[in-house]
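Residues per chain, in single letters:
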Amino acid sequence: MKCYFHNDNDAISTCISCGRALCQLCTKEHNNVIICTNSEFCTEKVNFEIKTFEKTQKSYKIYGFFFLIIGFFIFISAILDFIKGNIGGVMIQTLFMLMFASIGYTYLKK
Ligand SMILES: [Zn+2]
Ligand SMILES: [Zn+2]
């Protein structure tokens, strides 16, 4: 396969954004992905995708902390019930606490 921009050069890679075959001259590594050097469009598109990805990662972290905090409050309330001798309440709240903590943990791991 030949380079999209240079008919004489053999292609060594493919742009992740537009899928065109690229030679050594045209290949650019940008945030660990291969894109064409001479396309503003591809650079921008990849930048946009990375930004969107980072934003999603960030909101997963926020969800994760949110669930962990809820889990923590349930934990406090379970301790209070334990002090009061309400074992049934402690069991139910432990169950909820584990549920919220595991949801929070799953989000944080993403
Ligand atoms: Zn491209
Ligand atoms: Zn080329």
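Calculation criteria
Residues numbered from 1 in each chain as written. Chains lettered and ligands numbered in written order. Predicted model: local features only at pLDDT ≥ 70, side-chain atom pairs only at ≥ 80, totals over all residues. Domains from an automatic or database assignment. Core = buried A, V, L, I, M, F, W, Y, C linked by C-beta atoms within 7 Å. Buried ≥ 20, exposed ≤ 12 C-beta atoms within 10 Å, placed from the backbone. Contact = placed C-beta atoms within 7 Å. Helix = DSSP H or I, 4+ residues; strand = E, 2+ residues; numbered from the N terminus. Expected span 1.5 Å × (residues − 1).

Glancing now at the domain arrangement of the protein. Domain boundaries in the protein define domain 1 (1–38) and domain 2 (53–109). Of note, the centres of domain 1 and domain 2, computed from C-alpha atoms alone, are 48 Å apart.

The next point concerns the nonpolar core. Counting residues in hydrophobic clusters, the biggest one holds 8 residues: Cys3, Tyr4, Cys15, Leu22, Cys26, Ile35, Cys36 and Cys42. Once residues within four sequence positions are removed from consideration, Cys36 is found in contact with Cys15, Cys18, Arg20, Leu22, Cys26, Lys28 and Cys42. Ranked by size, the runner-up nonpolar core spans 5 residues in total, among them Phe67, Ile74, Met97 and Phe100.

A separate point is helix H2 (residues 87–109). Between its terminal C-alpha atoms H2 stretches 32 Å, which fits the 33 Å expected from 23 residues at 1.5 Å a residue. Against the buried residues of H2 lie helix H1 (40–84).

Among the structural elements, Lys58 can be located in helix H1. For the pair Lys58 and Leu25, spaced 33 residues apart in the sequence, the C-alpha separation amounts to 35 Å.

Over its 45 residues, H1 runs 66 Å from end to end, which matches the ideal 66 Å to within 8%, given 1.5 Å per residue. Listed in full, the buried residues belonging to H1 are Cys42, Phe67, Gly71, Ile74 and Ala78. Looking at the buried positions of H1, the neighbouring elements they touch are strand E4 (33–36) and H2. With its phi angle positive at about 85°, Gly85 sits one or two positions after the end of H1.

Turning to the environment of Glu44, a few remarks are in order. Relative to the helices and strands, Glu44 resides in helix H1. Using a count of 12 C-beta atoms within 10 Å as the deciding quantity, one classes Glu44 as exposed. As a C-alpha pair, Glu44 and Ser17 span 27 residues in sequence and 9.7 Å in three-dimensional space.

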